[in-house]
Amino acid sequence: MTSDERLERIEQRIEKLGNDVEKLGNDVEKLGNDVEKLRNDVEKLRNDVEKLDYKFDTYEKASDKVVRLATTIIIAAATVAVLPSALQAVTTLVTQVVAAGQ
């Protein structure tokens with residue numbers, strides 16, 4: 001192999017290495033863009049989770065209040081349903097006690 005042939009082979013290898021380095025540079029730049037996009041996505045997810053936490057807390061508090069309100073309504077309805085019968089029984093009992101005492 002002559003020195004010109006060797007020189008040609010070396011130049012081809014150097015050119016190939018240059019192309020490989022350029023390709024690697026492009027890949028690194030693409031990775032950098034992908035990492036930046038991932039950072040933005042993570043930040044968006046963080047904000048979404050914070051909003052969902054707030055909504056869940058609000059829902060939980062509202063649910064507790066609705067349960068308390070329902071319980072109060074049930075107790076009030078039961079009282080209204082039972083109270084007249086109880087008053088009638090007490091009135092009858094008091095009347096009998098008063099009549100027996102005379």
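Since the model is a prediction, treat every value here as computed from it, not as a measurement. (Residues numbered from 1 in each chain as written. Predicted model: local features only at pLDDT ≥ 70, side-chain atom pairs only at ≥ 80, totals over all residues. Heavy atoms only, no water.)

Now for the overall build of the protein. A count of helical and extended segments in the protein gives one helix and zero strands. A globule of 102 residues ought to have a C-alpha radius of gyration of about 13 Å, yet the protein, at 43 Å, is considerably larger. Seen through its principal axes, the protein has C-alpha atoms that stretch 145 × 20 × 15 Å. Put simply, the protein has 102 residues, and 0% of those count as buried. When the accessible surface of the protein is totalled, it reaches about 9600 Å², and 63% of it is carbon and sulfur. Distance from the positive charge centre (15 side chains) to the negative charge centre (19 side chains) of the protein: 7 Å. (Helix = DSSP H or I, 4+ residues; strand = E, 2+ residues; numbered from the N terminus. Rg over C-alpha atoms; globule rule 2.2 N^0.38 Å. Buried < 20%, exposed > 50% of the residue type's maximum accessible area, 1.4 Å probe, protein only. Areas by Shrake-Rupley, 256 points an atom, 1.4 Å probe, with all protein chains shown as cover. Lys, Arg positive; Asp, Glu negative; His and termini not counted. Charge placed at Lys NZ, Arg CZ, Asp CG, Glu CD.)

Within this structure, the stated rule accounts for five salt bridges. Residue Arg39 is joined to Glu36 by a salt bridge in which the shortest nitrogen-to-oxygen separation is 3.6 Å. Linking Arg39 with Glu36, this pair stays in helix H1 (residues 3-101), spanning three residues, or about one helical turn. Its relative accessible area of 40% is what places Glu36 among the partly exposed residues. (Salt bridge = Lys/Arg side-chain N within 4 Å of Asp/Glu carboxyl O.)

The next subject is H1. Because an α-helix completes one turn every 3.6 residues, residues spaced three or four positions apart along the sequence face the same direction. The end-to-end C-alpha distance of H1, which contains 99 residues, comes to 141 Å, matching closely the 147 Å that a straight helix rising 1.5 Å per residue would cover. The sharpest bend along H1 reaches about 30° and sits at Val82, with the proline Pro84 one to four residues further on. (Expected span 1.5 Å × (residues − 1). Bend = angle between axes of the 7 residues up to and from the residue.)

To continue, consider a negative patch on the surface. Together, Asp4, Glu5, Glu8, Glu11 and Glu15 make up a region of like negative charge exposed at the surface. The residue Glu5 is located in helix H1 in this model. (Patch = residues over 30% accessible without salt bridge, like charges linked within 9 Å, V, L, I, M, F, W, Y side chains within 5 Å.)

Examined against the element boundaries, Asp53 turns out to sit in helix H1. For Asp53, a relative accessible area of 47% gives the class partly exposed. For the pair formed by Asp53 and Asn40, sequence separation is 13 residues and the distance between their alpha carbons is 20 Å.

Before going further, it helps to examine a nonpolar patch on the surface. There is a patch of nonpolar side chains on the surface, built from Val90, Val94 and Val98 and spanning about 240 Å² of accessible area. Along the chain, Val90 falls in helix H1. Look at Val90 and you get partly exposed, because its relative accessible area is 46%.

Remember that the coordinates give geometry; whether it matters functionally is a separate question.
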